[in-house]
There are 2 protein chains.
Amino acid sequence: MRGELTAKGRATRTRIVEGAAAVLREKGAASATLDDILAHTSTSKGQLFHYFPAGKDELLVAVAQFEADQVLEDQQPYLGCLDSWEAWEQWRDVVIKRYEAQGDQCPLGSLFLQIGRSTPGTRAIVIELLHRWQESLAAGIRELQAAGLLPADVDADVRAAALLAAIQGGVSILLSTGRSTHLRAALDQGIEDLRRAGRAAV
Amino acid sequence: MRGELTAKGRATRTRIVEGAAAVLREKGAASATLDDILAHTSTSKGQLFHYFPAGKDELLVAVAQFEADQVLEDQQPYLGCLDSWEAWEQWRDVVIKRYEAQGDQCPLGSLFLQIGRSTPGTRAIVIELLHRWQESLAAGIRELQAAGLLPADVDADVRAAALLAAIQGGVSILLSTGRSTHLRAALDQGIEDLRRAGRAAV
DNA sequence: ACTATGGTGGACTGTGCAGTCCATTTTCGG
DNA sequence: CCGAAAATGGACTGCACAGTCCACCATAGT
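None of these values were measured; they are calculated from a predicted model.

Novice: Help me out: how do you make sense of the overall build of chain A in this one?
Specialist: Looking only at helices and strands, one finds 9 helices and 0 strands in chain A. Tracing chain A from N to C terminus, the helices and strands come up as α-α-α-α-α-α-α-α-α. Across its three principal directions, the C-alpha atoms of chain A cover 65 × 40 × 25 Å. Long-range contacts, defined as pairs at least 24 residues apart, comprise 60% of the intrachain contacts of chain A with a sequence gap of at least 6.

Below is the structure:
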């Protein structure tokens, strides 16, 4: 064998990552044990440490990367093409739907505060996710400006940062209270204010 | 002795709670051990379980309550008297200052996702904190309306919810990235949009 | 002073969990 | 086929940590 991993090996590895992600969402990164993950993925200790020699931390980083990619992917195709108010509304709906379905189990939320603090790897992943997310929002705002739907003096980056914070906060509150009212309020208000910024200047 | 706790006892109890709070902020609720707390507060196992018979969970709930009270207290006197735009700006400054000083250690953040999920007690505390916080913001908006600085058709509750989400998100991002730019953007944008809502309608 | 109750210290225990190790089976190149 | 490398299963180890237990000290009421 030349490569490090055979097809079977790769399949097992991804099975572990995806299964671990599910378990972590359900139980939180703190209380989820390797045995939980093994049981849920029908694998053994041997396999887990075969694919993740550094143990739990390495696995958690892999899961974090997987979840981070997932977050943005779930918002497509809307997030990538926010060039009209309709697109923004649709995107809003997707975000709310996604997080409402998720309920109080957040893929990154647990990693956010638990591993993110300790291992620099996860922290970098979260930072990159936030950055890409914000960039997409800023790009959307600029598209609105290009389309003449929004005046040029609106600061796309600051607006995007505020919107991102609003979403994060809404999700955060959803996680602690189980209610999505704040996420809705934050998104609705954010988009509405963006619109108002357009009308006010025009 | 009549009461359950003597003066000395009460002093020790609060020493444990406050010391535990410090340790939890520093290490996170997951990785902080009872021994850490004991070392930091110069107490012994015997004392800890004397004052918190149910063990770690009970202590964590006490810490959560303590921290929650602290959060709102730190924002006084501004939060209690948001009757002018100046008051809002000052409040904004206090919030940013507080969380910037805190850096990436959040008192409730760790409890938010870690204990809040598992024990219903902590969850209730967080929910109550958010509720009181939001009520204060809503009250402030209504004071602006009463003072004629804001039109009556602004929905105080939705605005307050959005603002609260913005703050939470800003703090959340501050925790994961170490940068306060989003918190600033969220607060500035939130207050600015509130002002704009006033001007637009008038 | 003495005695009951509360406060304090720390050794001890049990367990849950990450991580190790090796024996066995499967896969793949030649 | 056959040998080597990869994949798999699971018993075993060690330890960190929550929680127990009990012996000793301090204080307050009579």
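Once the structure has been displayed, the description carries forward.
Novice: Sorry, what's going on with the UniProt feature "domain: HTH tetR-type" (unreviewed entry) in chain A here?
Specialist: On the UniProt side, "domain: HTH tetR-type" (unreviewed entry) is annotated at positions that read residues 10-70 of chain A here. In this annotation, residues 10-70 of chain A is assigned 85% helix and 0% strand; the end-to-end C-alpha distance for the span is 19 Å.

Novice: Mind showing me how you'd approach the nonpolar core here?
Specialist: Across soluble globular proteins, nonpolar side chains have a tendency to be buried as a group. Core analysis: the biggest nonpolar cluster contains 108 residues, and A:A165, A:A166, B:A165 and B:A166 have the highest contact counts within it. Setting aside chain neighbours within four positions, we find A:A165 in contact with B:A166, B:G169, B:G170, B:I173, B:H182, B:L183, B:A185 and B:A186.

Novice: What am I meant to see in the protein's contact with DNA strand C here?
Specialist: Around DNA strand C, the structure places 25 residues, and the nearest of them are A:L34, A:G55, B:G9, B:S44 and B:G46. Listed by contribution, the elements that provide at least two residues to the surface near DNA strand C are α1 (7-31), α2 (34-41) and α3 (45-51) of chain A together with α1 (7-31) and α3 (45-51) of chain B. The biggest single contributor to the surface near DNA strand C is α3(B), with 4 residues. Looking at the surface near DNA strand C, its residues break down into 6 nonpolar, 12 polar and 7 charged.

Novice: What's the story with the protein's contact with DNA strand D in this structure? I'm lost.
Specialist: The immediate surroundings of DNA strand D are formed by 24 residues, with A:G9, A:S44, A:G46, B:L34 and B:G55 found nearest. Elements with a contribution of two residues or more to the surface near DNA strand D: α1 and α3 of chain A together with α2 (34-41) and α3 of chain B. When grouped by side-chain class, the residues that make up the surface near DNA strand D number 5 nonpolar, 12 polar and 7 charged.

Novice: What should I look at first to understand the environment of B:A68 in this one?
Specialist: Residue position: B:A68 is located in helix α4 (residues 56-74). Each residue touching B:A68, except ones within four places of it in the same chain, is listed here: B:L108, B:I125 and B:L129.

Novice: In this structure, what is going on with the domain arrangement of chain A? I would like to understand it.
Specialist: Quite often, the size of an interface is put as the accessible area lost when its parts meet. Partitioning chain A into structural domains gives domain 1 (7-53) and domain 2 (63-200). With centres defined by C-alpha atoms, the gap from domain 1 of chain A to domain 2 of chain A works out at 29 Å.

Novice: Looking at this structure, how should I read the UniProt feature "DNA-binding region" (unreviewed entry) in chain A?
Specialist: Per the UniProt record, the feature "DNA-binding region" (unreviewed entry) sits at residues 33-52 of chain A. A helix fraction of 75% and a strand fraction of 0% characterise residues 33-52 of chain A, whose end C-alpha atoms lie 15 Å from each other.

Novice: Can you help me understand α1(A) in this one?
Specialist: Residues spaced three or four apart along an α-helix point in a common direction, a consequence of the helix completing one turn every 3.6 residues. Remark: the principal bend of α1(A), roughly 85°, maps to A:R25. Among the residues of α1(A), A:I16, A:A20, A:A21, A:V23, A:L24, A:R25, A:G28, A:A29 and A:A30 are the ones counted as buried.

Novice: Explanation requested: the packing of α1(B) against α2(B) in the structure shown.
Specialist: A packed helix pair is summarised by two numbers, namely the angle formed by the two axes and the spacing between the axes. All names here are of chain B. It is at 9 Å that the axes of α1 and α2 come closest, and there the two elements cross at 120°. Relative to α2, α1 is oriented oblique. The handedness of the crossing between α1 and α2 comes out as right-handed. Between α1, through R15, I16, G19, A20, A22, V23 and K27, and α2, the contact on the second element is made entirely by D36, I37, H40 and T41.

Novice: Would you explain the environment of B:W91 in this entry?
Specialist: Residue and element names in this part refer to chain B. Take W91: it is sitting in helix α5 (residues 85-102). Overall, the presence of 23 C-beta atoms within 10 Å leaves W91 in the buried class. Residues W91 and D155, 64 residues apart in the sequence, show an inter-C-alpha distance of 21 Å. Once residues lying within four places of it in the same chain are set aside, the contact partners of W91 are Q75, Y78, L79 and L82.

Novice: Sorry if this is basic, but what is going on with the packing of helix α8 (residues 156-177) of chain A against helix α8 (residues 156-177) of chain B here?
Specialist: One can describe the packing of α8(A) onto α8(B) by two numbers: an axis separation of 6 Å at closest approach and a directional angle of 95°. By the angle class used here, α8(A) and α8(B) are roughly perpendicular. Each of A:A162, A:A165, A:A166, A:I167, A:Q168, A:G169, A:G170, A:S172 and A:I173 in α8(A) lies in contact with α8(B), whose residues at this interface are B:A162, B:A165, B:A166, B:I167, B:Q168, B:G169, B:G170, B:S172 and B:I173. Tallied by class, the residues present in the contact of α8(A) with α8(B) amount to 10 nonpolar, 8 polar and no charged.

Novice: Just to check I follow, could you spell out the confidence of the model for chain A for this structure?
Specialist: In low-pLDDT segments, the atomic positions of the prediction should not be examined closely. In this model, chain A carries an average pLDDT of 91, and 92% of its residues clear a pLDDT of 70 or more. Here helix α6 (residues 107-118) of chain A stands out as the least confident element of chain A, with mean pLDDT 65; α2(A) is the most confident, with 98.

Novice: Would you mind showing me how to read the environment of B:G19 here?
Specialist: Residue and element names in this part refer to chain B. Residue placement: G19 occurs in helix α1. Given 19 C-beta atoms within a 10 Å radius, G19 is considered partly exposed. Placed 53 residues apart in sequence, G19 and L72 show a C-alpha to C-alpha distance of 20 Å. Among residues more than four places away in sequence, those in contact with G19 are I37, H40 and T41.

Each value, and the rule that gives it
Residues numbered from 1 in each chain as written. Chains lettered and ligands numbered in written order. Predicted model: local features only at pLDDT ≥ 70, side-chain atom pairs only at ≥ 80, totals over all residues. Helix = DSSP H or I, 4+ residues; strand = E, 2+ residues; numbered from the N terminus. Contact = placed C-beta atoms within 7 Å. UniProt positions renumbered as here; feature names shortened; annotations may be inferred. Core = buried A, V, L, I, M, F, W, Y, C linked by C-beta atoms within 7 Å. Buried ≥ 20, exposed ≤ 12 C-beta atoms within 10 Å, placed from the backbone. Near = placed C-beta within 6 Å. Nonpolar A, V, L, I, M, F, W, Y, C, P; charged D, E, K, R; others polar. Domains from an automatic or database assignment. Bend = angle between axes of the 7 residues up to and from the residue. Axes fitted to C-alpha atoms, helices over the stretch in contact; angles between N-to-C directions. Parallel < 35°, antiparallel > 145°, perpendicular 65-115°, else oblique. Left-handed = near helix turned anticlockwise from the far one by under 90°. pLDDT = per-residue confidence, 0-100.

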